[in-house]
Amino acid sequence: MRLVLLCLALLSLPAAAQVYTYIDAEGNRVFTDRPQSQNAQRLNLAPTNSIPAPKAGTPRPMPEPAAPPQPTPSYQLLRILLPEPDAAVQNGTSGDLIVTATSEPALLPGHFYRLLLDGEPVGAPSRSPVFHVTNIDRGTHQIAVEILDAEGRTLERTPSQPVHILRLSLAQKRRINPCKKGDYGVRPECPLKDKPKDDKVSILPFL
């Protein structure tokens, strides 16, 4: 057992140490790196704790740093100039409405204005901040203007504001411009069902 422990101890020695063995006065074999006897013999041991050097390989290329994300263009101001909030617009019988907007800074390249009427887009996006809408029904509507980028994404939007369209009713139109014989079925306020019957009675000859 003692011999086994000595062998294990020798194996743990550094690879560069010299190992010797000899028989002591009591007849035991001794292993040591510091011989105390002239009869000690040097042992040639293979290194046991050496670490192989890593093999040289092709170095991996360093990844290029990712480009920083481009900041999203922003606008400090976007508002509707005309009509004013809660304005009443009366334009005869046409139901026309002109909306004008402005932004700061001015519209950037590749961006567009778009008008929303009651939450729905009106017409195609445009570079012009002026919108002309016709034939709007009587009553209160909500309008808003937004700025879109080239992909159609909304960048800015104004709060919705009410506008009141004061459009003449059919009865008011008839009072202003009474229906004539040729107007029935032509003008919306002069339907065919309201056309007076012809008072002339045709006289057919009796056979």
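Criteria and cut-off values
Residues numbered from 1 in each chain as written. Predicted model: local features only at pLDDT ≥ 70, side-chain atom pairs only at ≥ 80, totals over all residues. Heavy atoms only, no water. Helix = DSSP H or I, 4+ residues; strand = E, 2+ residues; numbered from the N terminus. Buried < 20%, exposed > 50% of the residue type's maximum accessible area, 1.4 Å probe, protein only. Contact = heavy atoms within 4.5 Å. Areas by Shrake-Rupley, 256 points an atom, 1.4 Å probe, with all protein chains shown as cover. Disulfide = S-S within 2.5 Å. Pairing = 2+ DSSP bridges. Axes fitted to C-alpha atoms, helices over the stretch in contact; angles between N-to-C directions. Polar contact = N/O pair within 3.5 Å; in protein donor to acceptor, adjacent residues only side chain to side chain. Core = buried A, V, L, I, M, F, W, Y, C linked by side-chain atoms within 4.5 Å.

Asker: Looking at this structure, I do not really get the overall build of the chain. What am I missing?
Answerer: When helices and strands are tallied, the chain shows 2 helices and 12 strands. Ordered by position in the sequence, the α and β elements of the chain form the string α-β-β-β-β-β-β-β-β-β-β-β-β-α. For the chain, the proportion of its 207 residues judged to be buried stands at 25%. Contacts in the chain between residues at least 24 apart in sequence constitute 53% of all its contacts with a sequence separation of at least 6. Summed over all atoms, the accessible surface of the chain reaches about 15,800 Å², with 56% contributed by carbon and sulfur.

Asker: Help me understand the state of the cysteines, please; the structure alone is not making it clear to me.
Answerer: The bond known as a disulfide is covalent and runs between the sulfur atoms of two cysteines. The tally for this structure, following the rule as stated, stands at 1 disulfide. Two residues, Cys179 and Cys190, share a disulfide whose sulfurs are 1.8 Å apart. Across the S-S bond of Cys179 and Cys190 the torsion is about -85°, and the bridge reads as left-handed. On the criterion of sequence distance, the pair formed by Cys179 in the segment after α2 (170-176) and Cys190 in the segment after α2 is long-range, its members being 11 residues apart.

Asker: Would you mind going over the sheet that holds strand β2 (residues 29-32) with me for this structure?
Answerer: Picture the strands of a sheet paired through backbone hydrogen bonds; they go either parallel or antiparallel. Within the open sheet, the 3 strands sit side by side as β2-β1-β3. Their pairing is antiparallel. Of all strands in the sheet, those bounded by a partner on one side alone are β2 and β3 (41-43). For this sheet the average axis-to-axis angle between neighbouring strands, irrespective of direction, equals 30°.

Asker: Could you clarify how one ought to interpret the environment of Ser126 in this entry?
Answerer: In this structure, Ser126 sits in strand β8 (residues 120-126). Once the C-alpha coordinates of Ser126 and His111 are considered, the two residues, 15 residues apart in sequence, prove to be 8.6 Å apart. Excluding its chain neighbours within four sequence positions, the residues that come into contact with Ser126 are Leu107, Phe112 and Tyr113. Within the structure, Ser126 has its side chain in polar contact with the backbone nitrogen of Ser128 (distance 3.0 Å).

Asker: Is there a simple way to think about the nonpolar core in this case?
Answerer: In terms of nonpolar packing, the biggest core is built from 19 residues, with Leu97, Val99, Tyr113, Ile143 and Val145 touching the most fellow members. Apart from the residues within four sequence positions on either side, Leu97 is in contact with Pro83, Val89, Phe131, His132, Val133, Ile136, Ile143, Val163 and Ile165.

Asker: Is there a simple way to think about the sheet that holds strand β6 (residues 97-104) in this case?
Answerer: As summarised here, the arrangement of the 3 strands in space is β4-β6-β9, forming an open sheet in which the pairing is antiparallel. Across the chains shown, the open sheet's two edge strands, defined by having one partner strand only, are β4 (77-82) and β9 (130-133). Shown here is a sheet whose adjacent strand axes are inclined to one another by a mean of 25°, direction ignored. Strand direction decides the pairing type here: β4 and β6, joined by 5 bridges, are antiparallel. Looking at the pairing, Arg79 lines up with Thr102 of β6.

Asker: I tried to follow the pairing of β9 on my own but got confused; where do I start?
Answerer: Along a regular strand, successive side chains alternate from one face of the sheet to the other. What you see with β9 is a clean split: Phe131 and Val133 sit on the buried side and Val130 and His132 on the side with no burial. Pairing analysis gives 4 bridges linking β6 to β9, with the strands arranged antiparallel. In the strand pairing of β9, Thr100 is matched with Val130.

Asker: Before we go on, may I ask you to explain the pairing of strand β11 (residues 154-157) in this structure?
Answerer: Note: strand β10 (residues 139-148) against β11, 3 bridges, orientation antiparallel. By the bridge assignment for β11, Ile147 is matched with Glu156. Hairpin remark: β10 followed by β11, antiparallel, with 5 residues in the connecting loop; positive phi at Gly152, about 85°.

Asker: What should I look at first to understand the side chain of Thr158 in this one?
Answerer: Within the secondary structure layout, Thr158 lies in the loop between β11 and β12 (161-165). Non-local contacts of Thr158, meaning those with residues more than four positions away in its chain, are made with Leu78, Arg79, Ile80, Ala144 and Val145.

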